[in-house]
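Secondary and tertiary structure notes
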Amino acid sequence: MWNLARSAASNARRLRRFSSAIPRPSIVHKRGADILHDPWFNKDTGFPLTERDRLGLRGLLPPRIISFEQQHDRFMESYRSLEKNTLGQPHTVVSLAKWRILNRLHDRNETLYYRVLIDNIKDFAPIVYTPTVGLVCQNYSGLFRRPRGMYFSAKDKGEMMSMIYNWPAHQVDMIVLTDGSRILGLGDLGVQGIGIPIGKLDMYVAAAGINPQRILPVMLDVGTNNQNLLDNPLYLGLRQPRLEGEEYLSIVDEFMESVFTRWPKAIVQFEDFQMKWAFQTLQRYRKKYRMFNDDIQGTAGVALAGLFGSVRAQGRPLTDFVKQKIVVVGAGRYCQYAAIVAYEYAGLGVLKMAKEAVARMEGNAEQAASHQFFLLDKNGLVTKDRKEIDPAAAPFAKNPGEYGLTEGSSLLEVVKKVKPHVLLGLSGVGGVFDEEVLKAMRESDSPRPAIFAMSNPTMNAECTAADAFKHAGENIVFASGSPFENVDLGNGKVGHVNQANNMYLFPGIGLGTLLSGAHFISEGMLQAAAECLASYMTDEEIEKGIFYPSIDHIRDITAEVGAAVVQAAVADELAEGHDDIGPKELRLMSKEEVVEYVTRNMWYPIYSPLVHD
């Protein structure tokens, strides 16, 4: 059924892209140079003569009119020239140069920028999103040229309700919020973490077709504990230690109340908050506002889809997921250093969602947790003998003696004795899956062991793809959070790398929530998103070890995931509808009709005629 829906999404997208229908005009309240300096309305040399006359642009542009397609090709020629001219230079230099040329286009002409991004998503997503966005955040104070998004700081307490009206858009659909406390695996980057919401929202536009006039990246600056930033004369954020406790929560409370007072139907995605605040804010707001935490819930959904794929790769039905032994490294307090105390809560989110999936299959969540999952933190295996156990990790603590293991058993010992079907890393510790651990996975009880090195950025990945196939064997299936090249195994064989990127889910979760009108995001909606992604791949692709689709198809994937979220919202009786589509109409739609509804509501970048008011 979902294959039919996939075809419907693809056809609708194709029709939209090549449609010759004249777009509706946009009303502008400015003329002349003011239009050229507004990246939303600026068309560069693409303004036709009638608009040049109507808007006072004659003489302000070269006389030749360049079509949208020609502008696209011209930019791509410049980009390819940059690639050629930077050959042999350090990777960080090249990555930042590519980010700069895209950012300059974004600052000048948003419509062309998003068209370029959508048409070249596979090449450009790693630049505007992970992994390059981490490098951008580290250098953001030096790279800053013009503001993008909004900045709310601890100094603004009591003023946020009025500040929110400084944003010029009358309607905002999607907000990505960070406090900069845990940017990827890089730690506390303070106000420089604004690069994450900007990059995420670019993916919302490119993948989900959220209208870029209705997005808002937000930095909540409550200080930083990064002394290097505090000592940096270029640092643009508050020069004070981070707020803690109730003082911190009161700032977040005020922001959330302000946002939903002005835009009651907006969706807020929390991003890169440190563990204690990630869990607490999720529990505090999830039933009150339309919000979710991508690090906890999005990562969990993508990982769960991959876990389902690993079961299919063994030639087994999904119901055999309940028999899989899964070792999770990094849930709980795995990392020893503040700069990489990153993925602990993501691992717990994966375990929680996997446990719920098993519970639905077996009907006994407690038994599933004790039998199936093995959790390690920086002190080794978590058992019930642990004296100070993280409350969130307690349900997954093993009984001492199981498989001959004791409290604090090492990763190598656990892998050797358990012989897991899946080794999943969310530790933020680069290389923790060393040669010995990977070789021990050769003795897995699975005919096709799965190794998931999920930490970002690349330097924090638990192992590389090449090492995984070299040491664990050519029959493994491999997934990572950061991009790696496929591995040449010789004799025409390829070790496929699956990038387990949250981009496969969060755009669909946001878009599906928006179009369903759900007043909060339920577990059922998140589970539906994960299961939809898991079912996307064909059996032939799964057999090859491919269980995440090509990013080239991200809009089709998002349409299906978004439709699954809409249907789950209807099933959970949370859907209130969107615009002229009410809950009754949503209930009567077939899967194919829901996919078409979602696809129809995706924004696509074309130049609209401009009319001066």
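For the structure, see preceding data.
Residues numbered from 1 in each chain as written. Predicted model: local features only at pLDDT ≥ 70, side-chain atom pairs only at ≥ 80, totals over all residues. Heavy atoms only, no water.

When helices and strands are counted, the chain shows 26 helices and 16 strands. Its C-alpha atoms give the chain a radius of gyration of 24 Å, within 12% of the compact-globule value 25 Å for 613 residues. Dimensions of the chain along its principal axes, counting C-alpha atoms only, are 80 × 60 × 55 Å. The burial tally for the chain puts 61% of its 613 residues in the buried class. Intrachain contacts of the chain at a sequence separation of at least 6 include 73% that bridge at least 24 residues. With the model as given, the accessible surface of the chain reaches about 24700 Å², and the carbon-plus-sulfur share is 51%. Averaging the locations of the 67 positively and 72 negatively charged side chains of the chain gives two centres separated by 3 Å. (Helix = DSSP H or I, 4+ residues; strand = E, 2+ residues; numbered from the N terminus. Rg over C-alpha atoms; globule rule 2.2 N^0.38 Å. Buried < 20%, exposed > 50% of the residue type's maximum accessible area, 1.4 Å probe, protein only. Contact = heavy atoms within 4.5 Å. Areas by Shrake-Rupley, 256 points an atom, 1.4 Å probe, with all protein chains shown as cover. Lys, Arg positive; Asp, Glu negative; His and termini not counted. Charge placed at Lys NZ, Arg CZ, Asp CG, Glu CD.)

Relative to the 20 Å expected for 14 residues at 1.5 Å per residue, helix 11 (residues 195-208) spans 19 Å between its end C-alpha atoms, a close match to the ideal helical length. Extensive coverage of helix 11 is indicated by the burial of 14 of its 14 residues. Once helix 11 finishes, Gly209 follows within two positions and takes phi at roughly 70 degrees, a positive value. (Expected span 1.5 Å × (residues − 1).)

Right, let's talk about the sheet that holds strand 11 (residues 450-453) for a bit. The sheet built from 7 strands is open, its strands ordered 9-8-7-10-11-12-15 with mixed pairing. The sheet terminates laterally at strand 9 (380-381) and strand 15 (497-499), the two strands that pair on one side only. The sheet contact formed by strand 10 (residues 422-425) and strand 11 spans 4 bridges and is parallel. Of the residues in strand 11, the one forming a bridge with Leu423 is Ile451. Relative to the sheet, helix 20 (residues 465-472) contacts strand 11, strand 12 (477-480) and strand 15, its axis offset from that of strand 12 by approximately 155 degrees. (Pairing = 2+ DSSP bridges. Axes fitted to C-alpha atoms, helices over the stretch in contact; angles between N-to-C directions.)

Relative to the helices and strands, Phe270 resides in strand 5 (residues 267-270). Note: C-alpha distance between Phe270 and Leu112 (158 residues apart in sequence) is 28 Å. Not counting chain neighbours up to four residues away, the residues in contact with Phe270 comprise Leu177, Val252, Met256, Thr281, Tyr285, Met291, Phe292, Asn293, Asp294 and Asp295.

Now for empty space enclosed by the protein. In this structure the tally under the stated criterion is 2 cavities of 30 Å³ or more. Around the second largest cavity, the lining comprises 19 residues; the ones closest to its centre are Trp99, Asn103, Tyr140, Arg148 and Ile198. For the lining of the second largest cavity, the secondary structure elements donating two or more residues are helix 5 (91-108), helix 8 (132-138), helix 9 (140-143) and helix 11. With 5 residues, the top contributor of residues to the lining of the second largest cavity is helix 5. (1 Å grid on protein atoms, 1.4 Å probe; cavity = no way out; pocket = protein on both sides within 12 Å on 5 of 7 lines; lining within 4 Å. Points joined across faces, edges and corners; volume = space filled by probe spheres on them.)

A pair of packed helices is characterised by two quantities: the angle between their axes and the separation of those axes. Between helix 11 and helix 21 (residues 506-516), whose axes approach to 9 Å, the crossing angle comes to 70 degrees. The orientation of helix 11 with respect to helix 21, classified from their angle, is roughly perpendicular. Together, Lys200, Met203, Tyr204, Ala207 and Ala208 of helix 11 and Phe506, Pro507, Gly510 and Leu511 of helix 21 make up the contact between the two elements. (Parallel < 35°, antiparallel > 145°, perpendicular 65-115°, else oblique.)

Once that is clear, we can look at the pairing of strand 10. Every regular strand shows the same layout, with side chains that alternate between the two sheet faces. By the alternation rule, side chains of strand 10 split into Val422 and Leu424 and Leu423 and Gly425, which are all buried. Here 4 bridges tie strand 7 (residues 326-329) to strand 10, and the two strands are oriented parallel to one another. Within the sheet, the bridge partner assigned to Ile326 lies in strand 10 and is Val422.

Considering only enclosed or pocket space, the second largest pocket measures out at about 1300 Å³ in volume. Taken together, 47 residues make up the lining of the second largest pocket; nearest its centre are Lys122, Pro126, Pro483, Phe484 and Gln499. Of all the secondary-structure elements, those providing two or more residues to the lining of the second largest pocket are helix 4 (68-85), helix 5, helix 7 (121-128), helix 8 and strand 15. Looking at the lining of the second largest pocket, its residues break down into 23 nonpolar, 15 polar and 9 charged. (Nonpolar A, V, L, I, M, F, W, Y, C, P; charged D, E, K, R; others polar.)

Take unusual backbone geometry next. Here the bond from Thr130 into Pro131 is cis, since omega is 5 degrees, no more than 30 degrees from zero. As for its position among the elements, Pro131 is in the loop between helix 7 and helix 8. Phi at Asp272 takes a positive value of approximately 60 degrees, unusual for a residue other than glycine. Among the structural elements, Asp272 can be located in the loop between strand 5 and helix 14 (275-285).

It is worth spelling out the environment of Pro23 at this point. Residue position: Pro23 is located in the loop between helix 1 (2-18) and strand 1 (26-28). Between the alpha carbons of Pro23 and Pro609 there is a distance of 7.3 Å; along the sequence they are 586 residues apart. Setting aside its immediate chain neighbours within four residues, Pro23 contacts Ile606, Tyr607, Ser608 and Pro609.

A separate point is the packing of aromatic side chains. Tallied over the entire structure, the rule returns 22 aromatic pairs. Between Tyr504 and Tyr548, the aromatic rings sit 5.6 Å apart at their centres with planes inclined by 5 degrees, giving stacked as the arrangement. On the criterion of sequence distance, the pair formed by Tyr504 in the loop between strand 15 and helix 21 and Tyr548 in the loop between helix 23 (539-543) and helix 24 (554-571) is long-range, its members being 44 residues apart. Using a relative accessible area of 3% as the deciding quantity, one classes Tyr548 as buried. An aromatic cluster is defined as three or more aromatic residues linked by ring pairs; in this entry it consists of Phe260, Phe270, Phe273, Tyr285 and Tyr289. For the cation-ring pair, Lys398 lies above Phe374, with the distance from its terminal atom to the ring centre recorded as 4.1 Å. (Phe/Tyr/Trp six-rings, centres within 6.5 Å; stacked < 30°, edge-to-face > 60°. Lys NZ or Arg CZ within 6 Å of the ring centre and 35° of its normal.)

Turning to the packing of helix 7 against helix 11, a few remarks are in order. For the pair helix 7 and helix 11, interaxial distance at closest approach is 9 Å and the crossing angle is 155 degrees. As the angle between them shows, helix 7 and helix 11 are arranged roughly antiparallel. Residues Ile121, Ala125 and Val128 of helix 7 form the contact with helix 11, whose participating residues are Gly199, Asp202, Met203 and Ala206. Along the lines of polarity and charge, the residues of the contact of helix 7 with helix 11 split into 5 nonpolar, 1 polar and 1 charged.

Moving on, we come to the sheet that holds strand 4 (residues 215-221). In space, the 5 strands of this open sheet follow the order 2-4-3-5-6, with parallel pairing throughout. Strand pairing shows two members of the sheet lacking a second neighbour, strand 2 (150-153) and strand 6 (291-293), which therefore form its edges. Mean inter-strand twist for the sheet, computed between neighbouring axes without regard to direction, equals 20 degrees.

So, on to helix 6 (residues 110-119). Of all 10 residues making up helix 6, 9 are buried, and the element is well covered by its neighbours. What helix 6 keeps buried is the set Glu110, Thr111, Leu112, Tyr113, Tyr114, Arg115, Val116, Leu117 and Ile118. Measuring from the backbone nitrogen of Thr111 back to the side-chain oxygen at the start of helix 6 gives 3.3 Å, which picks out Asn109 as the cap. (Polar contact = N/O pair within 3.5 Å; in protein donor to acceptor, adjacent residues only side chain to side chain.)

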